[in-house]
Protein chains: 2
Amino acid sequence: MPRKRSSDTRQLILNRAMDLASVEGLEGVSIAGIADALDMSKSGVIGHFKSKEDLQLATVGAARRLFESEVLGSIDAEPGIARLQAMGESWIRYVEGGHFAGGCFFWAASAEFDGRPGAVRDLLAELTGSWLDAIQNEARLAQRLGEIGRGEDPEQLAFELHAYVQEANWSFQLLRRQDAFLRARRAVSDRIERAADRS
Amino acid sequence: MPRKRSSDTRQLILNRAMDLASVEGLEGVSIAGIADALDMSKSGVIGHFKSKEDLQLATVGAARRLFESEVLGSIDAEPGIARLQAMGESWIRYVEGGHFAGGCFFWAASAEFDGRPGAVRDLLAELTGSWLDAIQNEARLAQRLGEIGRGEDPEQLAFELHAYVQEANWSFQLLRRQDAFLRARRAVSDRIERAADRS
């Protein structure tokens, strides 16, 4: 039988690591833990990731690539308010879809690492901040296109839209509220509608 | 010198445990970890808390009592829309005040335990759910008083108000955005104003 390609093994490790991180936390993602979960030797894992931090950083990077392909990749709308609405819907659908056993990877990792200075925390802040910025930039563009009122603050709008999706993830994951994503959808639509009406 | 009273030691342990949980997670709160942090013997800690879960549950209970005295205790407003606004402001001031090194205790613990079935998860869901319910009940009362339009959905309103404060905590803790609490205040005020205007 042909030997499994190295890049396949690497992706297999990262897939397991993302799932593990969403349930038990990124701190639970260790060389030994992954080796154990995949029935590999520790040296087999070290062949792909030199250290625990290296593995954690690669796991965050893999989660970002998945987010990009699933969320950004499925947005097909005209720039401006239509795309802003599509960004919200695509993100909600992704979180709702339950890609990870423990819900939104970045939400869980944020809460875990916000108080732990280091490279993992910095990468999480950079990546989640860039998504918030993307929402804000789209709101700004919608305003330039005249689709959003001049009285609206794009940064404030992005803060609120982003809040609804994170809240839905919290509400669904912890409280098991079945209407969490419905509420987020309604909140996003209403808020964008209000921004459009604001003179 | 008089021996420290048992209830003082118990509270000392819980204070340390709450702080530790907000930074390193509630899973990091163990008999051995607390004994180490407070320079006590393990049997000294076990004298107050039989098991790790017992200690974790008591830590969550202590965080709730602190939340009640700091947030609920400082609300002094007439029932209805004034109290709804005061609940938001009191909560924001509490999270902003940085009582715990790692930010909002319940937010961090939610993300950590939402995927771990058991007594700790159940208690977290019960306590955070009851605060969300309190916001919703106040919105409902405001509606009965005629201060909030009949077209408003109190449950939707509570979802959105709750979202803003959790978002501010996330934004401040992970992204270090200095305007996080300002944004939450503006969002809460605007949203309550809109609820009042809604016919």
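Residues numbered from 1 in each chain as written. Chains lettered and ligands numbered in written order. Predicted model: local features only at pLDDT ≥ 70, side-chain atom pairs only at ≥ 80, totals over all residues.

A.B. asks: When you look at the overall build of chain A in this model, what are you seeing that I'm missing?
C.D. replies: Across its full length, chain A holds nine helices and zero strands. Counting from the amino terminus, helix and strand elements in chain A follow one another as α-α-α-α-α-α-α-α-α. Taken along the three principal axes of its C-alpha coordinates, chain A extends 65 × 35 × 35 Å. Relative to its 199 residues, chain A shows a buried fraction of 40%. Of the contacts formed within chain A by residues at least 6 apart in sequence, a portion of 62% connects residues at least 24 apart. (Helix = DSSP H or I, 4+ residues; strand = E, 2+ residues; numbered from the N terminus. Buried ≥ 20, exposed ≤ 12 C-beta atoms within 10 Å, placed from the backbone. Contact = placed C-beta atoms within 7 Å.)

A.B. asks: Can you walk me through the relation of the copies chain A and chain B in this structure?
C.D. replies: There are two copies of the chain, and a rotation about an axis plus a shift along that axis relates them. Under the fitted operation, chain A is carried onto chain B by 0.0 Å of movement along the axis and a turn of 180°, and the coordinates agree to an RMSD of 0.0 Å. Both copies of the chain, as the preceding transformation shows, are related through a two-fold rotation axis. Distance from the rotation axis, computed per C-alpha, reaches its smallest value in chain A at Ala-163 of chain A: 2.7 Å. Comparing interface residues between copies, 100% of those in chain A also lie at the interface in chain B; the contact surface is shared. (Least-squares fit on C-alpha atoms with pLDDT ≥ 70 in both.)

A.B. asks: How should the interface of chain A and chain B be read in this particular structure?
C.D. replies: How big an interface is tends to be stated in terms of accessible area lost as the parts join. In this assembly, 31 residues from chain A lie in contact with 32 residues from chain B. At the level of elements, helix 6 (105–113), helix 7 (119–144), helix 8 (154–175) and helix 9 (180–197) of chain A are the ones that each hand at least two residues to the side of chain A that touches chain B. It is helix 8 of chain A that provides the largest number of residues to the side of chain A that touches chain B, a total of twelve residues.

A.B. asks: I would appreciate a short explanation of helix 6 of chain A in the present structure.
C.D. replies: Note: α-helices contain 3.6 residues per turn, so residues at a spacing of three or four share the same orientation. Counting buried residues in helix 6 of chain A gives nine out of nine residues, a clear majority hidden from the surface. Listed in full, the buried residues belonging to helix 6 of chain A are Phe-105, Phe-106, Trp-107, Ala-108, Ala-109, Ser-110, Ala-111, Glu-112 and Phe-113 of chain A. Against the buried residues of helix 6 of chain A lie helix 1 (6–24), helix 4 (52–72), helix 7 and helix 8 of chain A together with helix 6 (105–113) and helix 8 (154–175) of chain B.

A.B. asks: Would you mind showing me how to read the packing of helix 7 (residues 119–144) of chain B against helix 8 of chain B here?
C.D. replies: All names here are of chain B. Running from amino to carboxyl end, helix 7 crosses helix 8 at an angle of 130°, the nearest separation of the two axes being 8 Å. Compared by their axis directions, helix 7 and helix 8 come out oblique. The two elements helix 7 and helix 8 meet at a crossing, and its hand is right-handed. Contacts between helix 7 and helix 8 pair Leu-132, Ile-135, Gln-136, Ala-139, Arg-140 and Gln-143 from the former with Pro-154, Glu-155, Leu-157, Ala-158, Leu-161 and His-162 from the latter. In terms of residue class, the contact of helix 7 with helix 8 is made up of seven nonpolar, three polar and two charged. (Axes fitted to C-alpha atoms, helices over the stretch in contact; angles between N-to-C directions. Parallel < 35°, antiparallel > 145°, perpendicular 65-115°, else oblique. Left-handed = near helix turned anticlockwise from the far one by under 90°. Nonpolar A, V, L, I, M, F, W, Y, C, P; charged D, E, K, R; others polar.)

A.B. asks: Looking at this model, I keep getting lost on helix 9 of chain A. Mind explaining?
C.D. replies: Its 18 residues give helix 9 of chain A an end-to-end C-alpha distance of 26 Å, which sits within 8% of 26 Å, the value for a rise of 1.5 Å per residue. Taken together, the buried positions of helix 9 of chain A are occupied by Ala-180, Phe-181, Arg-183, Ala-184, Ala-187, Val-188, Arg-191, Ile-192 and Ala-195 of chain A. One face of helix 9 of chain A carries all of its buried residues, which in axial projection span an arc of 155°. Across from the buried face of helix 9 of chain A, at angles greater than 90 degrees, the exposed residues are Glu-193 and Asp-197 of chain A. Tucked inside the fold, the buried residues of helix 9 of chain A contact helix 5 (81–96) and helix 8 of chain A together with helix 8 of chain B. (Expected span 1.5 Å × (residues − 1). Arc of directions from axis to C-beta.)

A.B. asks: How do you make sense of the packing of helix 8 of chain B against helix 9 (residues 180–197) of chain B when you look at a structure like this?
C.D. replies: The packing of two helices is summarised by the inter-axis angle and the distance between the axes. Residue and element names in this part refer to chain B. Taken N-terminus to C-terminus, the directions of helix 8 and helix 9 make an angle of 170°; their axes are 8 Å apart at the nearest point. Taken together, the axis directions place helix 8 and helix 9 in an arrangement best described as roughly antiparallel. For the pair formed by helix 8 and helix 9, the contact residues are Leu-157, Glu-160, Leu-161, Tyr-164, Val-165, Glu-167, Ala-168, Ser-171 and Phe-172 on the first element and Ala-180, Phe-181, Arg-183, Ala-184, Ala-187, Val-188, Arg-191 and Ala-195 on the second. By residue class, the composition of the contact of helix 8 with helix 9 is twelve nonpolar, one polar and four charged.

A.B. asks: Explain unusual backbone geometry to me, please; I cannot follow it from the model alone.
C.D. replies: Trans is the common state for peptide bonds, and a negative phi is the common state for residues other than glycine. Residues other than glycine seldom take positive phi values, yet Arg-176 of chain A does so here, at roughly 60°. What makes Arg-176 of chain A exposed here is the crowd of 11 C-beta atoms within 10 Å.

A.B. asks: Help me understand the environment of Val-60 of chain A in this model?
C.D. replies: Residues and elements named next belong to chain A. Counting through the fold element by element, Val-60 comes out in helix 4. Sequence separation between Val-60 and Arg-176 is 116 residues, and the spatial gap between their C-alpha atoms is 26 Å. Residues contacting Val-60, with those up to four places away along its chain left out, are Ala-109, Val-120, Leu-123, Leu-124 and Leu-127.

A.B. asks: Before we go on, may I ask you to explain the environment of Ile-135 of chain A in this structure?
C.D. replies: Residue position: Ile-135 of chain A is located in helix 7. In this structure the C-alpha to C-alpha distance between Ile-135 of chain A and Gly-73 of chain A, which are 62 residues apart in sequence, comes to 15 Å.

A.B. asks: Teacher, can you tell me more about the confidence of the model for chain A here?
C.D. replies: Low-pLDDT portions of the prediction should not be read for the details of their coordinates. The share of residues in chain A with pLDDT of 70 or more is 97%, and the mean pLDDT across the chain is 93. Confidence metrics for the complex model read pTM 0.94 and ipTM 0.93. (pLDDT = per-residue confidence, 0-100.)

A.B. asks: How should I be thinking about the environment of Glu-53 of chain B in this particular structure?
C.D. replies: All names here are of chain B. Its place among the elements puts Glu-53 in helix 4 (residues 52–70). C-alpha of Glu-53 to C-alpha of Asn-15: the two residues are 38 residues apart in sequence and 16 Å apart in space. Beyond its immediate sequence surroundings of up to four residues, Glu-53 is in contact with Ala-119 and Val-120.

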